[in-house]
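So you can see what is in the structure, the chains are spelled out below.
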There are 2 protein chains.
Amino acid sequence: MHRFDIGLAEELKIVEKYLQEFLGAEGSVSQIRDILQDIALSGGKRLRPQLLLLAAQFGPQYEEKKERLCCLAALVEMVHAASLVHDDIVDDSPTRRGRSSIQSKYGKDRAVYAGDLLLSRIVKQLFKERFYRVGELFGRAVEEMCLGELGQMECLFDADVEVERYLRNVDGKTAALCRLACSAGALESGASQETAAHLVAFGENFGRLFQIHDDLLDYVSDACSEGKPVMMDFKSGILTLPVLYALKTEAAGEGIRSLLEKARQGIFTEDDSGELGRLVRDSGGIAEARRDLERYAEAAFEALDQLPPCRAREILAALAARLSRD
Amino acid sequence: MHRFDIGLAEELKIVEKYLQEFLGAEGSVSQIRDILQDIALSGGKRLRPQLLLLAAQFGPQYEEKKERLCCLAALVEMVHAASLVHDDIVDDSPTRRGRSSIQSKYGKDRAVYAGDLLLSRIVKQLFKERFYRVGELFGRAVEEMCLGELGQMECLFDADVEVERYLRNVDGKTAALCRLACSAGALESGASQETAAHLVAFGENFGRLFQIHDDLLDYVSDACSEGKPVMMDFKSGILTLPVLYALKTEAAGEGIRSLLEKARQGIFTEDDSGELGRLVRDSGGIAEARRDLERYAEAAFEALDQLPPCRAREILAALAARLSRD
């Protein structure tokens, strides 16, 4: 995935060691062990642990606290894993990262408790390892994630949702965890308040960037003929940024509303996907969402500019740049 | 509900104040506010906060830390509330405490995040109020609750489940939270290690008592003609203690297995409920479960006997006695 070396090979190995430990199931009955093992094997890019470890490099105690920072990075990844298990219940997702999702393989009921089990282990570890300074931040981040998801549900199939409301939901469902990674890394490595504030600003804008980049994929990959557009979000009533901008236009507003009605009725076809893509593109929805993408990228770079130049800063900038390009 | 004065009127008012605070939704959009309000209004007997406050009276700092103990008691009740929200998803319960359950009123998807939201607020408060000594116990208790629920799911419709396995599930799904209430109260009020150990032993046995008492209700209320037996557990494949004992007998084993097959196929009738009740009763399943009930009551009383005599001890004994009688 990465086209550049982020220089965290040693640390990420330690992160994996902790993840294996936190997802262990000694003494547990067979199925619980299987569920935890499936979660452990589902992998992922470990983006949030990387953010945490890179942010931590701006503090004076990175080297001496490396082991502890890797443990904390694994706990941030555990929050991500728990949220995916519960998100897949809600989205009814059959797969996750190319494997069967926990909810499809073991049922929604087990997935509820499996996600809770991960959350309980995070809490246990935070106290056990005395992560007292960052513990409250974990609680806040999960709270914001829940509020973002619940906020998004309130907006389902609502063509009149304001962009501002959409962004508030994104701040919860995606940006909160990126912000947590950056602030926890900075705090734990002893970075100054000022440095931590810049890293938090970076994390927040990086999270928004991440979400809008993801939103655009449905429309951009269509344009590039990289494959059929999937439009899963639209089908389930989630109006992403390019769609929201297109909805405000005279050219596409009416058309998208009728397509949304078809999605609500569950009769949204592949042809409709193509039509939606055209409407969003031709009305300038993609272009406008891209402008926001660039704006957040700009804000992320500005936050980095306040930090001392170093290898970690270059890598964070490269991670953000990659999201602002595609 | 209580037939005696537990002398906690002032404290329980403070607990309610904290619950209102933790379930607040300032700045939230309308539906999230409604969900939290519904959870706040759903009430309950506040048994776990009572356990915590009674256990805390064995420590030297009860009076000076009363406010703080009430906050902690509210957090234990929040764990209970979160578990009910998620349990209702799994059990598909239409109601909870005489009101619509969150999952039936707002849908399972919202209930997933609503439960998570409660959990996140518990974590936030534990760190914010610096409950460092008891925080890990909270994490452990929720972990055990999840393992108990997942363990129970593995046993669904399995007529060969051992009583020991059933009890391990009960220790997680019911006893863990009663134990947490007692240990958190003891620790936070500065009780000695020895005193805390006796209170933990009480809490654990009280929890088992509580569950077996609940298990027996289906069969006892039938016997007393207090109303139609509901047998919800059996219908959903959960084999409770009286059924497990009856299953081991020659007289009832076969019959219960056929009824279980009907339950699995979803064709379990009201007549079948009556038949199940008779089989469990006549084979001695109820009597044997009652012997366990008495054994755990005895263990709970023995734990109390190690503690100095006081009003709190009397009340804890009375709470346990009530469960061992009916």
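Residues numbered from 1 in each chain as written. Chains lettered and ligands numbered in written order. Predicted model: local features only at pLDDT ≥ 70, side-chain atom pairs only at ≥ 80, totals over all residues.

Residue-level account of the overall build of chain A, with values.
Across its full length, chain A holds 15 helices and 2 strands. In terms of overall size, chain A behaves like a compact globule, its C-alpha atoms giving a radius of gyration of 20 Å where 326 residues would be expected to give roughly 20 Å. Seen through its C-alpha atoms, chain A measures out along the principal axes to roughly 60 × 50 × 30 Å. Residues counted as buried form 53% of the 326 residues belonging to chain A. Summarising the internal contacts of chain A: among those between residues at least 6 apart in sequence, 74% fall at separations of at least 24. (Helix = DSSP H or I, 4+ residues; strand = E, 2+ residues; numbered from the N terminus. Rg over C-alpha atoms; globule rule 2.2 N^0.38 Å. Buried ≥ 20, exposed ≤ 12 C-beta atoms within 10 Å, placed from the backbone. Contact = placed C-beta atoms within 7 Å.)

Outline the interface of chain B and chain A, supporting the account with residue identities and numerical values.
Residue-level contacts link 35 residues of chain B with 35 residues of chain A. Secondary structure elements with two or more residues in the side of chain B that touches chain A: helix H2 (30-41), helix H4 (66-91), helix H6 (108-128) and helix H7 (132-154) of chain B. The greatest single-element share of the side of chain B that touches chain A, amounting to 15 residues, is contributed by H7 of chain B. Of the residues assigned to the side of chain B that touches chain A, the class counts are 17 nonpolar, 7 polar and 11 charged. (Nonpolar A, V, L, I, M, F, W, Y, C, P; charged D, E, K, R; others polar.)

So what's going on with the packing of H4 of chain B against H7 of chain B? Residues and values would help.
Residue and element names in this part refer to chain B. The interhelical angle for the contact between H4 and H7, taken along N-to-C directions, is 20 degrees, at an axis separation of 12 Å. Taken together, the axis directions place H4 and H7 in an arrangement best described as roughly parallel. When the axes of H4 and H7 are compared, the crossing they make is right-handed. Across from Leu72, Val79 and Ser83 in H4, the residues of H7 making contact are Val134, Phe138, Ala141, Val142 and Met145. Partitioning the contact of H4 with H7 into residue classes produces 7 nonpolar, 1 polar and no charged. (Axes fitted to C-alpha atoms, helices over the stretch in contact; angles between N-to-C directions. Parallel < 35°, antiparallel > 145°, perpendicular 65-115°, else oblique. Left-handed = near helix turned anticlockwise from the far one by under 90°.)

Explain the relation of the copies chain B and chain A to me, and be specific about the residues and the numbers.
If you rotate chain B by 180 degrees and push it 0.0 Å along the axis, it lands on chain A with an RMSD of 0.0 Å. Taken together, the rotation and translation relating the two chain copies correspond to the operation of a two-fold axis. (Least-squares fit on C-alpha atoms with pLDDT ≥ 70 in both.)

Would you mind going over helix H3 (residues 47-56) of chain B in detail, with residue names and values included?
The element H3 of chain B is largely enclosed, with a buried count of 9 among its 10 residues. Of the residues making up H3 of chain B, those classed as buried are Arg48, Pro49, Gln50, Leu51, Leu52, Leu53, Leu54, Ala55 and Ala56 of chain B.

So what about the packing of helix H12 (residues 250-265) of chain A against helix H13 (residues 270-282) of chain A? Which residues, and what values?
All names here are of chain A. Between H12 and H13, the least distance of the axes is 10 Å, while the angle of their chain directions is 155 degrees. Accordingly, the angle class assigned to the pair H12 and H13 is roughly antiparallel. For the crossing formed where H12 meets H13, the hand is left-handed. Residues Ala251, Ala252, Gly255, Ile256, Leu259 and Lys262 of H12 pack against Asp272, Glu275, Leu276, Leu279, Val280 and Asp282 of H13. Residues belonging to the contact of H12 with H13 are distributed by class as follows: 7 nonpolar, 1 polar and 4 charged.

How would you sum up the domain arrangement of chain A? Please name residues and give values.
Residue and element names in this part refer to chain A. When its domains are assigned, chain A resolves into domain 1 (9-177) and domain 2 (192-326). Each partner contributes to the interface: domain 1 provides 17 residues, whereas domain 2 provides 23 residues. Looking at the side of domain 1 that touches domain 2, the elements with two or more residues in it are helix H3 (47-56) and helix H8 (163-188). Examining the composition of the side of domain 1 that touches domain 2, we find that 5 residues originate from one element, H8, more than from any other. Of the residues in the side of domain 1 that touches domain 2, the class split is 13 nonpolar, 3 polar and 1 charged. (Domains from an automatic or database assignment.)

Requested: an account of the environment of Ala299 of chain B, with residues and values cited.
Inspection of the secondary structure assignment puts Ala299 of chain B in helix H14 (residues 285-305). Given 18 C-beta atoms within 10 Å, Ala299 of chain B falls into the partly exposed group.

If you had to explain the environment of Leu69 of chain A to someone new, which residues and values would you point to?
Residues and elements named next belong to chain A. Inspection of the secondary structure assignment puts Leu69 in helix H4 (residues 66-91). A residue is classified by how many C-beta atoms lie within 10 Å of it, and Leu69, with 27 of them, is buried. Note: C-alpha distance between Leu69 and Leu209 (140 residues apart in sequence) is 25 Å. Excluding anything up to four places from it in sequence, Leu69 contacts Leu53, Ala56, Tyr62, Gly185, Glu188 and Ser189.

Can you break down the environment of Arg311 of chain B residue by residue, with the values?
Checked against the element boundaries, Arg311 of chain B lands in helix H15 (residues 311-325). Residues Arg311 of chain B and Ser192 of chain B, spaced 119 residues apart in sequence, show a C-alpha to C-alpha distance of 19 Å.

Before we move on, can you summarise H2 of chain B with the specific residues and values?
Helical periodicity: at 3.6 residues per turn, an α-helix aligns residues three or four positions apart in one direction. The end-to-end C-alpha separation of H2 of chain B is 16 Å, in line with the 16 Å expected for 12 residues at 1.5 Å each. Of the surrounding secondary structure, the elements contacted by the buried residues of H2 of chain B are helix H7 (132-154) of chain A together with H4, helix H5 (102-106) and H6 of chain B. Note on H2 of chain B: the residue one or two positions beyond its end, Gly43 of chain B, has a positive phi of about 65 degrees. (Expected span 1.5 Å × (residues − 1).)

Can you lay out unusual backbone geometry for me, pointing to particular residues and giving the numbers?
At Phe157 of chain A, a residue that is not glycine, the phi angle is positive and equals roughly 60 degrees. Within the secondary structure, Phe157 of chain A sits in the loop between H7 and H8. Of note, the phi angle at Asp92 of chain B is positive, near 60 degrees, even though the residue is not glycine. Residue placement: Asp92 of chain B occurs in the loop between H4 and strand S1 (95-96). Note on Asp92 of chain B: 12 C-beta atoms within 10 Å, which makes it exposed.

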